[in-house]
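Okay, here's what each chain looks like letter by letter:
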Amino acid sequence: MSVLAVLRRVRAYGGHFLLLAVLTLVTALLVTGVPRIADRLSGQGLREQFADLPGPRRDVLYTRPAEPQPPGTPAVAAGQRAGLDSLLAGMPAPVREVVGERWYTAETQFGRLTGPELTPDEGLIDLSLRTMTGLREAATLVDGRWPGEGADRAAPVETALAEPVARQLGLRAGSRLRLALRTPDGRDYAATTVAVVGLFRPVDPEGGAWDALPSALRLTPPVGDGQPFLMVGMTDEASFDDRAAAGWAVGFGWRYRIDPGRLTPARLDALVDGLAQLDRERPAGLLLAQGVDIPLRQYADSLAAARTLLTVIAAGVLATLAGLTVLAARLAVRRRRDEYLLLRARGGSVTDVVRRGLAESLLVVPAAAVAGWLLGGLLPADPLGDGTPGAASRLTVLAGVLATLALPVAVLTGQRDGGGRSDLLRARSGAGRLTVEVTVVGLAALAAFLLRRRGLVLGGEVDPLLVSVPVLLAVAAALVSLRAYPWPLRLFSRLAARARGAVAFLGTARAGRAGVAAPLVVVVLAIATAAFCGVVAVGIEDGRDRAAARTVPADALVSGDRFAPDTATELAGLPGVRAVTPVLATAGQRLYADADGRPGGAGEAYVLLVEPAGFAEVARRSGLDLAVPAALRAGGDVAALPALVSPDFAAALADAQLADGAGRRPGWVDVQGNRLPFRVAGTAEEFPLIPGGTGRFLVLPWPGLPAGAPHPLAPTGFLLAAGDATVDPAALRRVAEEGQTRYQTSGAVTGGKRPLPPQVTTWAAERERLGGSGVNGLLVFGFATGAAGGGLLGLLALAFAVLAGARGRGQVLSRLRTMGLSRRQWRGLLLVELTPLVVISVLTGAVVGALLPVLLNPVLGLSAFTGGAPVTVRFEPGLVAGVLGLALLALAFAVAVEAVNNRRMRLGEVLRLGEES
């Protein structure tokens, strides 16, 4: 057969080949482009999430503790600075490649600083001398000169101070101070003169050069009463070497900052392994501190879960495209049935007919696959990723080969089905179809069971079982529903036969005998993919809402050390605040068994005190669906407070004979010096404000302590409700800090550590943090692609289902029109016939898509997207409305396709077409 003859046949049936080419192009485009976009989004998310971390969280820090250097050690600072390069060279390659900035610091031990310009009311001041790399690039001199630049040294030690520190202490360039060190045995070294020769201002106060602790840009406040302020002065290497030679203890630090711009998802595992190797191969005498691996592992876990979810979605979309390609090939073969029969009648063999179909397919489909591959290659990829062009090419070739074989295989099966004789086809297909359907249903059930029992290893290669289970379940559900739905239609047809009018009877009778199983299976698969995306997306959003409410069960949470009692009133008086309730949280509290203080054997617990009524009011005004358990609403009776405990802790309490009951004594816990007896009134897996992963916790109602209580309970935080109003977090922080300071200075506390500033966390900020995680862009892309692709492909498959029986319906319509059927009755007949097919396929797909997350939830790891909160699937009214809307849209689309197809056929042509199933 010549190429020109093949070209003529392709041109004659251009519509069918165009459809095959478009489906092949879209398949190749998805196979090539989706991984590129996924890599770009995952890389972008990784770098953005890592860049949002504070600078010290991205550091790898080597330190050598401060100690005296051996006598006669020359050039101490310069010699140790060389370690900045040697340590980097000794790092594993994955770590070395992502290191950006690096700094070397050397500093002396702290000594007591005195001088005429330091007044006693400023408190005690301790000074450490530091030299570092990149000082003159990171700071601008505003007064004086840098240490070591003068022709004559002004003092044994020259130093430059940050301008804010100098102004705060009343120092200037030219100030001379006295620095004395005290040894552990109480001896003082000879006093050393320190000359302030310059003041500097940082170019970027947030730059990494200033992240060393303690900071050189500010005074570090005392950690307790009677303790000194700490300050750092910058000096030159010569002065530092002089102090080391004088016997001062000196320490060194080498800090390497991971550059977010160099991170790629493909090398995450290698980077985490390299960081673990750093600790194993740490040089002797050095300490290593790094927390880089923790956010990297968290992102790797969420990325693995996201890729697994994207694999499930892609499997559904690609399986739908494969089904559409098969349907397009079958439709083309059906429309050319007379041509193939004529070829066989003229002596052509089955091989000749198949060869003709293969030649026509080779002329169109491979070119479409190449075009899709080229278009997919134009989509943006991760600029730092190494890409997988080989894998994309292999998948594109596979998709092109399968699409190319679709037409000749359809020709072959059409010839073996009796040459188009419907009587032979129906006689043969009953038992064979039933066998295939039973096999598919059995395989789906077995695969689902094995997946649930075996589980899934996230982050590995594509799991064939995971990919096959959703597709098999959707196909199995479609086959079962298509087997079942004709029975009620036949019953309804019998009832309609007794009524007046033929529209209902004819429509239900034809719908019950429709042989369009293959197209509707593809419709179910497409709709199931779209519904799966919608249900999982809603479940993740709901899980994030619950996770945010667990952390901040109000519009805002103020947390700190301890606050004065009147802080709640001050907070309630701020604009926008509608309700305030105090909370008291303390970790690691031990329970006691009796008045003698003997431990109960139940271990330690996280203790939380709340006001049940106030807690419920704040949650209600904040618009959160949080209910206070009945166990806590019994009130705060100091005789025995009702306690809500975790199940593990309840079991430990029962074993320790602490739970209230027959023959058991109530336990008690010490909270801020107050003995609070309690009894177990209920258990709960979690409770708001309890940190995630806390295995043992105890929630008590705020007790009404008697007037003579040894220590009035001081709240450690407040929950605030704002309703529709907005609250200024800065104002909350200011009032909270004042309340914390009042408590510290009211005489209730003497000495001890200075508390950290209070923190203000809003529900909206916590929700945004959970929703703005690094893989969120990848999730949105996957859900949008799956939902849109599933919906559009489902409508296309529905069009195939309508066209599959269009010619038979046209013949019936033509005969009925000659018998007096009106156009209005024809529309009603068409609607009655198509409605059951459309509704059953859409509803079956929606139900399968909604149940798939329930089945796959244990193996998908969806909690990685919700801050650890479990993802639950429930039927939202919006989803139900969406499914019904999709069914109406699909029905309207099916009617429109049928109407357009009927207009292309004239009445006489349809009557001369002959019988065809």
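Remember, predicted model here, so these are calculated numbers, not experimental data.

Undergrad: Could you give an account of the overall build of the chain, naming the residues involved and the relevant values?
TA: The secondary structure content of the chain amounts to 28 helices and 20 strands. Looking at the chain residue by residue over its 917 residues, the buried ones come to 47%. For the chain, long-range pairs separated by at least 24 residues make up 82% of all intrachain contacts whose partners lie at least 6 apart in sequence. Carbon and sulfur atoms make up 58% of the accessible area of the chain, which totals about 43100 Å².

Undergrad: Can you explain a nonpolar patch on the surface? Please cite residues and give values.
TA: There is a patch of nonpolar side chains on the surface, built from L358, L362, V397, V401, L405 and V409 and spanning about 480 Å² of accessible area. Elements with a contribution of two residues or more to the nonpolar patch: α12 (350-378) and α13 (389-416). By residue number, the principal contributor to the nonpolar patch is α13, which donates four residues. Locating V409 in the fold gives a position in helix α13.

Undergrad: Residue-level account of the packing of helix α10 (residues 293-335) against helix α15 (residues 464-484), with values.
TA: Close contact between α10 and α15 brings their axes to 9 Å; oriented N to C, the two are set at 50°. Overall, the two elements α10 and α15 adopt an arrangement that is oblique. Crossing geometry of α10 relative to α15 is assigned as right-handed. Taking contact as the criterion, the partners of T308, T311, V312, A315 and A319 in α10 are, on α15, L466, V467, P470 and V471. Among the residues making up the contact of α10 with α15, the classes are represented as seven nonpolar, two polar and no charged.

Undergrad: Can you lay out the side chain of E163 for me, pointing to particular residues and giving the numbers?
TA: Looking at the element boundaries, E163 is found in helix α7 (residues 163-169). Not counting chain neighbours up to four residues away, the residues in contact with E163 comprise V142, F200 and R201.

Undergrad: Describe helix α22 (residues 729-745), with residues and values.
TA: The end-to-end C-alpha distance of α22, which contains 17 residues, comes to 24 Å, matching closely the 24 Å that a straight helix rising 1.5 Å per residue would cover. Among all positions in α22, only A731, L732, V735, A736, G739, Q740, Y743 and Q744 are buried. Where α22 is buried, its residues touch β12 (556-559), α19 (567-572), β19 (717-721) and β20 (759-762). Measuring from the side-chain oxygen of the N-cap residue of α22 to the backbone nitrogen of A730 gives 3.2 Å; that N-cap residue is D728.

Undergrad: Provide a residue-level description of the nonpolar core, including the pertinent values.
TA: In this structure, Y62, Y256, L296 and L309 are the most contacted members of the largest nonpolar core, which totals 115 residues. Among the elements that make up this core, the one with the highest residue count is α10 (16 residues). L113, A160, L181 and W248 belong to the second largest nonpolar core, which has 35 residues in total.

Undergrad: So what's going on with unusual backbone geometry? Residues and values would help.
TA: The amide bond that connects L213 to the next residue, P214, takes the cis arrangement and shows omega of -5°. Checked against the element boundaries, P214 lands in the loop between β8 (192-202) and β9 (229-234). One non-glycine residue, L689, lies in the positive phi region at around 80°. In this structure, L689 sits in the loop between β17 (674-683) and β18 (697-701).

Undergrad: Please give an account of the pattern of salt bridges that cites residues and values.
TA: Tallied over the entire structure, the rule returns 34 salt bridges. Close ionic contact of R136 with E149 constitutes a salt bridge, the shortest N to O distance being 2.8 Å. Placement of R136 in helix α6 (residues 135-138) and of E149 in the loop between β5 (139-144) and β6 (157-162) is noted, with a sequence separation of 13 residues between them. Relative accessible area serves as the criterion here: at 41%, E149 is assigned to the partly exposed category.

Undergrad: So what about the environment of R307? Which residues, and what values?
TA: Mapped onto the fold, R307 is located in helix α10. R307 gets classed as partly exposed once you look at its relative accessible area, which sits at 35%. Each C-alpha atom, one on R307 and one on P35, is 9.9 Å from the other, the two residues being 272 residues apart in sequence.

Undergrad: If you had to explain the packing of aromatic side chains to someone new, which residues and values would you point to?
TA: Applying the stated criterion to the full structure yields eight aromatic pairs. Ring centres of F240 and F252 lie 6.1 Å apart, and the angle between their planes is 65°; on these two criteria the pair is classed as edge-to-face. Within this pair, whereas F240 is found in helix α8 (residues 237-245), its partner F252 is found in strand β10 (residues 249-258), the two being separated by 12 residues in sequence. With a relative accessible area of 1%, F240 lands in the buried category.

Undergrad: Pulling in residues and values, what's your account of the side chain of E437?
TA: Inspection of the secondary structure assignment puts E437 in helix α14 (residues 422-454). Beyond its immediate stretch of four places on either side in the chain, E437 contacts L479 and R483.

Undergrad: Kindly report on helix α1 (residues 3-12), identifying the contributing residues and their values.
TA: Turning to α1, its buried residues number three or more, namely A5, V6 and V10. Summarising the axial view, the buried residues of α1 lie within an arc of 140°, below the 170-degree limit, and thus occupy one face. Residues L4, R8, R11 and A12 are exposed on α1 and point more than 90 degrees away from its buried face. Buried positions along α1 lie against α2 (14-51) and α12.

Undergrad: Tell me about the pairing of β17, and please be specific about residues and values.
TA: Bridging between strand β15 (residues 641-645) and β17 involves five bridges; their strand directions are parallel. Its bridge partner lying in β17, V645 is registered against T683. Pairing of strand β16 (residues 667-671) with β17, which is carried by five bridges, proceeds in the antiparallel orientation. By the bridge assignment, G667 is partnered in β17 with F678. The hairpin turn running from β16 into β17, its antiparallel successor, is two residues long, and Q672 in that turn takes a positive phi close to 55°.

Undergrad: An account of the environment of S302 is requested, with residue identities and associated values reported.
TA: Examined against the element boundaries, S302 turns out to sit in helix α10. Note on S302: relative accessible area 7%, which makes it buried. In this structure, the C-alpha to C-alpha distance between S302 and F865, residues 563 residues apart in sequence, is 6.5 Å. Not counting the four nearest positions on each side in its chain, S302 is found in contact with V775, A864 and F865.

Undergrad: Outline the confidence of the model for the chain, supporting the account with residue identities and numerical values.
TA: Averaged over the chain, the pLDDT score is 81; the fraction of residues at 70 or greater is 84%. Here helix α28 (residues 907-911) is the element of the chain with the lowest mean pLDDT, 49, and helix α5 (residues 93-96) is the one with the highest, 94. Low pLDDT (under 50) marks residues 419-427, which in the prediction has nine contacts with non-local residues, meaning those over four places away or in another chain. Considering only residues more than four positions removed or in separate chains, one finds that residues 658-663, a stretch of pLDDT under 50, has 15 contacts.

Each value, and the rule that gives it
- Residues numbered from 1 in each chain as written.
- Predicted model: local features only at pLDDT ≥ 70, side-chain atom pairs only at ≥ 80, totals over all residues.
- Heavy atoms only, no water.
- Helix = DSSP H or I, 4+ residues; strand = E, 2+ residues; numbered from the N terminus.
- Buried < 20%, exposed > 50% of the residue type's maximum accessible area, 1.4 Å probe, protein only.
- Contact = heavy atoms within 4.5 Å.
- Areas by Shrake-Rupley, 256 points an atom, 1.4 Å probe, with all protein chains shown as cover.
- Patch = residues over 30% accessible without salt bridge, like charges linked within 9 Å, V, L, I, M, F, W, Y side chains within 5 Å.
- Salt bridge = Lys/Arg side-chain N within 4 Å of Asp/Glu carboxyl O.
- Axes fitted to C-alpha atoms, helices over the stretch in contact; angles between N-to-C directions.
- Parallel < 35°, antiparallel > 145°, perpendicular 65-115°, else oblique.
- Left-handed = near helix turned anticlockwise from the far one by under 90°.
- Nonpolar A, V, L, I, M, F, W, Y, C, P; charged D, E, K, R; others polar.
- Expected span 1.5 Å × (residues − 1).
- Polar contact = N/O pair within 3.5 Å; in protein donor to acceptor, adjacent residues only side chain to side chain.
- Core = buried A, V, L, I, M, F, W, Y, C linked by side-chain atoms within 4.5 Å.
- Phe/Tyr/Trp six-rings, centres within 6.5 Å; stacked < 30°, edge-to-face > 60°.
- Arc of directions from axis to C-beta.
- Pairing = 2+ DSSP bridges.
- pLDDT = per-residue confidence, 0-100.

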